[in-house]
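Survey of secondary and tertiary structure
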Amino acid sequence: MKKVVAGADAAVHDIPSGAILMLGGFGLCGIPENCIAALVRKGVNNLTCISNNAGVDGFGIGLLLKQKQVKKMISSYVGENAEFERQLLSGELEVDLVPQGTLATRCMAAGYGMPAVFLLAGVGTEVADGKETREFNGKTYLLEHAFDADYAIVKAWKGDTMGNLIFKDTARNFNPLMAMAGKITIAEVEELVQPGQLDPNHIHVPGVYVHRIFQGTDYEKRIEQRTVRKRD
Amino acid sequence: MGLNKEQIAKRIAMELRDGFYVNLGIGIPTLVANYIPDGVNVVLQSENGLLGMGPFPFEGEEDPDLINAGKQTITTLPGSAFFDSAMSFGMIRAGKVDLTVLGAMEVAENGDIANWKIPKKMVKGMGGAMDLVAAAKNIIVAMQHTNPKGESKLLPRCSLPLTGVGCVKKIVSDLGVFDVTSDGFVCIEYAPGVTIDEIIAKTAGRLTISPSVKEMAV
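Now for a quick tour of the structure. (Residues numbered from 1 in each chain as written. Chains lettered and ligands numbered in written order. Predicted model: local features only at pLDDT ≥ 70, side-chain atom pairs only at ≥ 80, totals over all residues. Heavy atoms only, no water.)

Notes on the packing of helix 5 (residues 100-111) of chain A against helix 3 (residues 85-93) of chain B
Going by this rule: Where helices are involved, their axes are fitted lines through C-alpha atoms of the stretch in contact, as for all axes, and angles between N-to-C directions lie from 0 to 180°. In DSSP terms, a helix is any run of H or I states spanning at least four residues, a strand is any run of E spanning at least two, and both are numbered starting from the N terminus. These descriptions rest on fixed angle ranges, namely under 35 degrees for roughly parallel, over 145 for roughly antiparallel, 65 to 115 for roughly perpendicular, and the rest for oblique. Definitions for this section: a left-handed crossing has its near helix turned counterclockwise from the far helix by less than a right angle. A right-handed crossing has that turn clockwise. Contacts are assigned to residue pairs with any non-hydrogen atoms lying within 4.5 Å of each other. Asp, Glu, Lys and Arg are counted as charged, while Ala, Val, Leu, Ile, Met, Phe, Trp, Tyr, Cys and Pro are counted as nonpolar; the rest, among them Gly, fall into the polar class.
The interhelical angle for the contact between helix 5 of chain A and helix 3 of chain B, taken along N-to-C directions, is 120°, at an axis separation of 8 Å. The pairing of helix 5 of chain A with helix 3 of chain B is recorded here as oblique in orientation. As for the relative orientation of helix 5 of chain A and helix 3 of chain B, their crossing is left-handed in sense. Of the residues in helix 3 of chain B, those touching helix 5 of chain A at Gln100(A), Gly101(A), Thr102(A), Ala104(A), Thr105(A) and Met108(A) are Ser85(B), Ala86(B), Phe89(B) and Arg93(B). Residue composition of the contact of helix 5 of chain A with helix 3 of chain B, by class: 4 nonpolar, 5 polar and 1 charged.

What to know about unusual backbone geometry
Residue and element names in this part refer to chain A. Convention followed: Relative accessible area decides the class of each residue, using a 1.4 Å probe on protein chains only: under 20% of the type maximum gives buried, over 50% gives exposed, and in between gives partly exposed.
The backbone of Asn-46 sits at a positive phi, close to 55°, despite the residue not being glycine. Residue Asn-46 is classed as partly exposed on the basis of its relative accessible area of 42%. Here the phi dihedral of Lys-221 falls at roughly 50°; this positive angle occurs in a residue that is not glycine. Counting through the fold element by element, Lys-221 comes out in the segment after strand 11 (212-215).

A short note on the packing of aromatic side chains
Our working rule: Centres within 6.5 Å are what make two rings of Phe, Tyr or Trp a pair, Trp counting through its six-membered ring; a difference in plane orientation under 30 degrees is then read as stacked, over 60 as edge-to-face, and the rest as tilted. Criterion for a charge above a ring: Arg CZ or Lys NZ at most 6 Å from the ring centre, at most 35 degrees from the ring normal.
In the structure shown here, the tally under the stated rule is 2 aromatic pairs over all chains. Between Phe118(A) and Phe136(A) the ring centres are 5.1 Å apart and the planes differ by 65°, which places this aromatic pair in the edge-to-face class. Placement of Phe118(A) in strand 5 (residues 116-119) and of Phe136(A) in strand 6 (residues 133-136) is noted, with a sequence separation of 18 residues between them. With centroids separated by 5.6 Å and ring planes inclined at 75°, the aromatic side chains of Phe136(A) and Tyr141(A) adopt a geometry described as edge-to-face. Under the relative-accessibility criterion, Phe136(A) is labelled partly exposed at 30%. Ring pairs connect the aromatic residues Phe118(A), Phe136(A) and Tyr141(A), which therefore count as one cluster. A cation over an aromatic ring shows up here: Lys158(A) above the ring of Trp157(A), its NZ or CZ 4.4 Å from the ring centre. Taking the ring centre of Phe26(A) as reference, the NZ or CZ of Lys71(B) above it sits at 4.9 Å.

Right under this line is the structure:
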């Protein structure tokens, strides 16, 4: 079992142009900074990115957008990014807006081997357009399909060489769901340890889901909205 | 005259009950956390994966791994719990969250809500709003009664793309408190300094004034 790779460039070495990627994170919290930088260096394009947000100008997925490497974003919220807006309005970029819970659950379904789920979000709105519906207990639900991603790229707090992952605080967000959903899952971690050093009770994603793992470097962890209170 | 944003938040806080799990949206709803009545313990849910959201951190103690759904740095409280995004919306969908407070661009007299998109302008996305309004047991909208052009936001039918259908139970606007019923909007309280005539003039949807209408205590 050899899951450990040398670094981000090795982890993404075979990702081709046109690939469908899942990228973990909520806003800029818990994003795979090292792999995004490697994808920018690699220069692959025509990517479809499934990610709750599209980064900001100059950081996160914003770096891929700036280099015009993204063909389509599948996200729930894409504000805070002027370059995204420019590409969308000029027709260079496609966007599929998905309710946040539906986005999460379509990732979850993939990781649990379920082809589709019935969800209430978006019934009676344009999100329901063209979707199959079914009634349960007098309520109408939408049939939502599991995502089918070529690669899932996630960021964890700690991981071991067998691919077991632990996330920290709200940097967990979409990361475990996407880790479980990729045909190939790449995990970058802040701290990579040997088997036995993580308590099996604390594992959020078991290593069976993870194919490649490495310890990332130079995390910037940019804060989008720095809010503080004064000491009394 | 009418309520300012802080007063709207304060009035909504009076709807909180001890033991509630509450999701507060971005904007005025966030301010509700500042006015939780004494003796009422609520647990705030942040849909990016936290129950038990605490106040903003002290300067220098911000943690980039700990944010709320508005991407603001926050803290935890004793008894907080983290979870992933699927579980977060799972607990919302399963009706475990007692109250959702959010803003709106328009609310219709049947409880439809529009708050995510203005066609031909930039579309930022719905985030978690559609999931929340589809599932929450109780939804209170916090908003201005009229838009910047002075047009009513309480309408017979929403003109903007919908976020959810038939889901809003109550509105607290700068002018008053309104239940959303099968008979349309019912004004149950008016803001200090606001007349019933003004409320009638600024409400485009079907409106009834409750026989027991009273001045709001804020």
